[in-house]
Amino acid sequence: MKILIISPFLPLPTYNGGRTRLVNFIQILSTRHEITLAGLLKPNEYLDDAWYKSNGIEIFAYPRHTPFSCSNYIHSVFSGSLYVSTYFSKALKETLSTLLKKRFFDMAHVVCSYTVPNLPENIGIPVIVEEPNVQSLVLKQTSNIVRSQMLKMLYAIESNRLARIESRGVQF
């Protein structure tokens, strides 16, 4: 099978559990399937593609927005969520659109629902949206434990906005 994986991060370097899980997932899949990985790089992160090439994985990497920047806050007003604006890349969306028009994929695997907006609409292949954790619930719990009333309100608003986006990802 030809599998397109869209991730909010690249799995290397593996400095947390999510990245380690994604490396293992890709490594296992790549033994029997053709993998194309599209992901985002954090600011000050670099791409070392030696591991990907040695495993026969084609990779596309684009810079991610800085989460707590003024421009990202402004963009989040229009995108519906701070998470979506952080993990949305116009260049990534254009690359995915081109890839899906020029090549055949059997399926797309999206890591985290807040990266779904990077996919063009009506792509014509099955899409699996993986949700390692339901981030809206994490934010809701955080809003219940922070002391600042302003932070409570901001976390609650972001939790509600992200919950709507997560439900859209499930319906994709």
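Residues numbered from 1 in each chain as written. Predicted model: local features only at pLDDT ≥ 70, side-chain atom pairs only at ≥ 80, totals over all residues. Heavy atoms only, no water.

Engineer: Could you clarify how one ought to interpret the pattern of salt bridges in this entry?
Structural biologist: Should their charged atoms come close, side chains of opposite charge can pair. Summed over all chains, the structure comprises five salt bridges. The salt bridge partner of Glu45 is Arg19, with a shortest N-O separation of 2.9 Å. Taken together, the residues span a long stretch of sequence, with Glu45 in the loop between β2 (34–41) and α2 (50–54) and Arg19 in helix α1 (residues 17–30) at a distance of 26 residues. Here Glu45 and Arg19 have matching classes, each one buried. For Glu158, the salt bridge goes to Arg161, with nearest N and O atoms at 3.7 Å. (Salt bridge = Lys/Arg side-chain N within 4 Å of Asp/Glu carboxyl O. Helix = DSSP H or I, 4+ residues; strand = E, 2+ residues; numbered from the N terminus. Buried < 20%, exposed > 50% of the residue type's maximum accessible area, 1.4 Å probe, protein only.)

Engineer: Can you walk me through the sheet that holds strand β1 (residues 2–7) in this structure?
Structural biologist: As summarised here, the arrangement of the five strands in space is β3-β2-β1-β4-β5, forming an open sheet in which the pairing is parallel. Of all strands in the sheet, those with a lone pairing partner are β3 (58–63) and β5 (127–130), marking the two edges. With direction set aside, neighbouring strand axes in the sheet form an average angle of 15°. In terms of strand pairing, β1 meets strand β4 (residues 107–111) through four bridges, oriented parallel. (Pairing = 2+ DSSP bridges. Axes fitted to C-alpha atoms, helices over the stretch in contact; angles between N-to-C directions.)

Engineer: Would you mind going over the confidence of the model for the chain with me for this structure?
Structural biologist: Taken as a whole, the chain shows an average pLDDT of 85; of its residues, 88% reach a score of 70 or greater. Considering each helix and strand of the chain separately, the mean pLDDT is smallest for helix α3 (residues 70–79), with a value of 68, and largest for β1, with 96. (pLDDT = per-residue confidence, 0-100.)

Engineer: When you look at the environment of Pro8 in this model, what are you seeing that I'm missing?
Structural biologist: With respect to the helices, strands and loops of the structure, Pro8 is situated in the loop between β1 and α1. A sequence separation of 76 residues divides Pro8 from Val84, and the C-alpha atoms of the two residues are 9.9 Å apart. Residue contacts for Pro8: discarding those within four places in its chain leaves Leu40, Arg64, Tyr87, Val111, Cys112, Tyr114 and Thr115. (Contact = heavy atoms within 4.5 Å.)

Engineer: Help me out: how do you make sense of unusual backbone geometry in this one?
Structural biologist: Negative phi is the rule for most residues except glycine; trans is the rule for most peptide bonds. Positive phi, normally seen in glycine, also occurs at Asn122, with a value near 50°. For Asn122, a relative accessible area of 76% translates into the label exposed.

Engineer: Could you clarify how one ought to interpret helix α6 (residues 135–145) in this entry?
Structural biologist: The periodicity of an α-helix, 3.6 residues per turn, causes residues three or four positions apart to be oriented the same way. When we look at burial in α6, the residues that qualify are Gln135, Ser136, Leu139 and Ser143. The buried residues of α6 occupy one face: seen down the axis, they fall within an arc of 100°. Turned more than 90 degrees off the buried face of α6, the exposed positions are Gln141, Asn144 and Ile145. (Arc of directions from axis to C-beta.)

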